Amino acid sequence: MNTQALEKQRIGTDTPERLSNETWYTPAADILEDNDGYTMVFDMPGVQPGDTDITFNGGVLTVEGKVSNPGNNDSRNYLIREYGVGHFHRSFTIRTPIDSDAITGELKNGELNIRIPKARAARTKKITVRGG
Amino acid sequence: MLDLLDPVATPYSALQNQINGLLEDFLAEPAAWASGSELRRYPAVNIWEDCDAAHLEAELPGAVMEDVELYVAGNQLRLGVQRRVSAPEKAAWHRQERVSGNFTRTFTLPWELDADKVEAKLKDGILTVELPKAESAKPRKIKLLAN
């Protein structure tokens, strides 16, 4: 597992689409591992089901979520302005062998939940020791 | 925390909001506050105004209606959020960036609100609140009298 950014922050110039007035953010993520696989949860507020893209290629899992109203709304008369609105993008390198055909994702209330089953060979096996 | 039910009409609402923020930081994480390390206020909000109302948006990924409490009195707004991040049994954390816990934020607006007409909705993890200004706070067009 390998990542760069932690909080919602601006991703540099390496954006998938260079449309003006759009910013890409790094979603906060939780990653859990159990014997059978990994669970990843991403904060993607404002993204609707159907506007997400999950790919696994060359050992890299990439998630993307698009909001319907990106942009900075600079013309608004802000009293308090603490966050920007934009799309989400994040990648993780997974070195454990996984069953990429069985990856599933669900988006609910702006929370993307991804389940990544491990390849059978990578699962922990419990060995029973026989008494003599 | 400031008394929500006894709002003080003040032109210094920006300053007031900064003070509220410092209080929130201190109450949430006293140790971090003392050491001057970076704090994260949750949830992050945007508030903007137009002629008739203020508009609040907050990012609340994963939240359902029962997790959010909203109080309006005078020119103040209090937002309470409960956030639970659960892990399945026998799972090990590799990374935990999403915050959890109970959070309260208080905002002071520059004018009185019409509490009866406040409307809030929660969709796809975004809270949207319309906060109409009280009649007395709306701009009125003054008719000039002919000489």
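Note that the structure is a prediction, hence the values are computed from the model and not measured.

Caption draft 1: The arrangement of the overall build of chain B in detail. Across its full length, chain B holds 2 helices and 8 strands. The N-to-C order of helical and strand elements in chain B reads α-α-β-β-β-β-β-β-β-β. Counting all 147 residues of chain B, 23% fall into the buried class. Within chain B, counting contacts between residues at least 6 apart in sequence, those at least 24 apart form 57% of the total.

Caption draft 2: Up close: the environment of Val85(A). All names here are of chain A. Following the sequence through the fold, Val85 ends up in the loop between β6 (77-81) and β7 (87-93). In this structure Val85 comes out as buried when scored by C-beta crowding, with 20 C-beta atoms within 10 Å. Val85 sits 28 residues away from Asn113 along the chain, and the two C-alpha atoms are 21 Å apart. Among residues more than four places away in sequence, those in contact with Val85 are Gly46, Val67, Asn69, Pro70 and Gly71.

Caption draft 3: Here's a closer look at the pairing of strand β5 (residues 60-67) of chain A. Residue and element names in this part refer to chain A. Among the 8 residues of β5, 6 are classified as buried, and the element is accordingly described as predominantly covered. Here strand β4 (residues 47-57) pairs with β5 via 7 bridges, running antiparallel. Across the sheet, Val47 pairs through a bridge with Val67, a residue of β5. As paired elements, β5 and β7 share 6 bridges and run antiparallel to each other. Within the sheet, the bridge partner assigned to Thr62 lies in β7 and is Ser91.

Caption draft 4: View of the pairing of strand β8 (residues 126-132) of chain B. Residues and elements named next belong to chain B. Relative to β8, strand β2 (residues 53-59) runs antiparallel, the two being bridged by 7 bridges. When the bridges of β8 are listed, His55 appears paired with Glu130. In this sheet, β8 lies alongside strand β7 (residues 119-123) in antiparallel orientation, the contact comprising 5 bridges. Within the sheet, the bridge partner assigned to Lys121 lies in β8 and is Thr128. Hairpin connection, β7 to β8: the antiparallel pair is bridged by 2 residues, and Asp124 has positive phi, about 50°.

Caption draft 5: Inspection of the sheet that holds strand β8 (residues 104-108) of chain A at higher detail. If you walk across this open sheet you meet the 5 strands as β8(A)-β9(A)-β3(A)-β2(A)-β5(B), and the pairing is antiparallel. Each edge of the sheet is formed by a strand with only one pairing partner; in this case those strands are β8 of chain A together with β5 (92-96) of chain B. Within this sheet the neighbouring strands show an average axis-to-axis angle of 15°, counted without direction. In terms of strand pairing, strand β2 (residues 29-33) of chain A meets β5(B) through 4 bridges, oriented antiparallel.

Caption draft 6: Representation of the sheet that holds strand β3 (residues 68-73) of chain B. All names here are of chain B. If you walk across this open sheet you meet the 3 strands as β3-β4-β6, and the pairing is antiparallel. Where the open sheet ends on each side, the last strands, each with one partner, are β3 and β6 (101-108). Shown here is a sheet whose adjacent strand axes are inclined to one another by a mean of 10°, direction ignored. As judged from the 8 bridges shared by strand β4 (residues 76-83) and β6, these two strands associate in the antiparallel manner. Residue Gln82 lies in a different strand from β6, and its bridge partner there is Asn102.

Caption draft 7: Spatial organisation of the nonpolar core. If you look at the biggest cluster of nonpolar residues, it comprises 21 residues, and the most contacted ones within it are Ala29(A), Met40(A), Phe42(A) and Leu112(A). Mapped by element, the contributors of at least two residues to this core are β1 (24-25), β2, β3 (37-43), β5, β7 and β9 (111-117) of chain A. No other element matches the 4 residues that β3(A) contributes to this core. In this view, Met40(A) contacts Ala29(A), Ile31(A), Ile114(A) and Ile116(A); residues no more than four positions away in its chain are not counted. Core analysis: the next-biggest nonpolar cluster, separate from the first, contains 18 residues, Ile47(B), Phe107(B), Ile126(B) and Leu127(B) among them.

Caption draft 8: Main features of the interface of chain B and chain A. In this complex, chain B contributes 32 residues to the contact, which on the side of chain A involves 28 residues. Contributing elements (two or more residues each) for the side of chain B that touches chain A: β1 (45-49), β2 and β5 of chain B. Class assignment for the residues of the side of chain B that touches chain A results in 18 nonpolar, 6 polar and 8 charged.

What counts as what
- Within each chain, residue numbers correspond to sequence positions counted from 1 in written order.
- All chains are assigned letters beginning with A, and all ligands numbers beginning with 1, in the order in which they are written.
- A pLDDT threshold of at least 70 governs which residues receive local features in this predicted model, and a stricter bar of 80 or more applies before side-chain atom pairs are shown or counted, although totals over entire chains, interfaces and linings include all residues.
- Helix and strand definitions here come from DSSP, where helices need a minimum of 4 consecutive H or I residues and strands a minimum of 2 consecutive E residues; each element is numbered from the N-terminal end.
- Here a residue counts as buried when 20 or more other C-beta atoms sit within 10 Å of its C-beta, as exposed when there are 12 or fewer, and as partly exposed otherwise, the C-beta atoms being derived from the backbone.
- Working definition of a contact: two residues with C-beta atoms, positioned from the backbone, lying within 7 Å.
- A pair of strands is considered paired only if DSSP assigns at least 2 bridges between the two.
- Between the N-to-C directions of two axes lies an angle of 0 to 180 degrees, each axis being a line fitted to C-alpha atoms and, for a helix, fitted only over the stretch in contact.
- Linking buried Ala, Val, Leu, Ile, Met, Phe, Trp, Tyr and Cys residues through C-beta atoms within 7 Å yields a set, and such a set is a nonpolar core.
- Amino acids outside the nonpolar list (Ala, Val, Leu, Ile, Met, Phe, Trp, Tyr, Cys, Pro) and the charged list (Asp, Glu, Lys, Arg) are all regarded as polar, and Gly is one of them.

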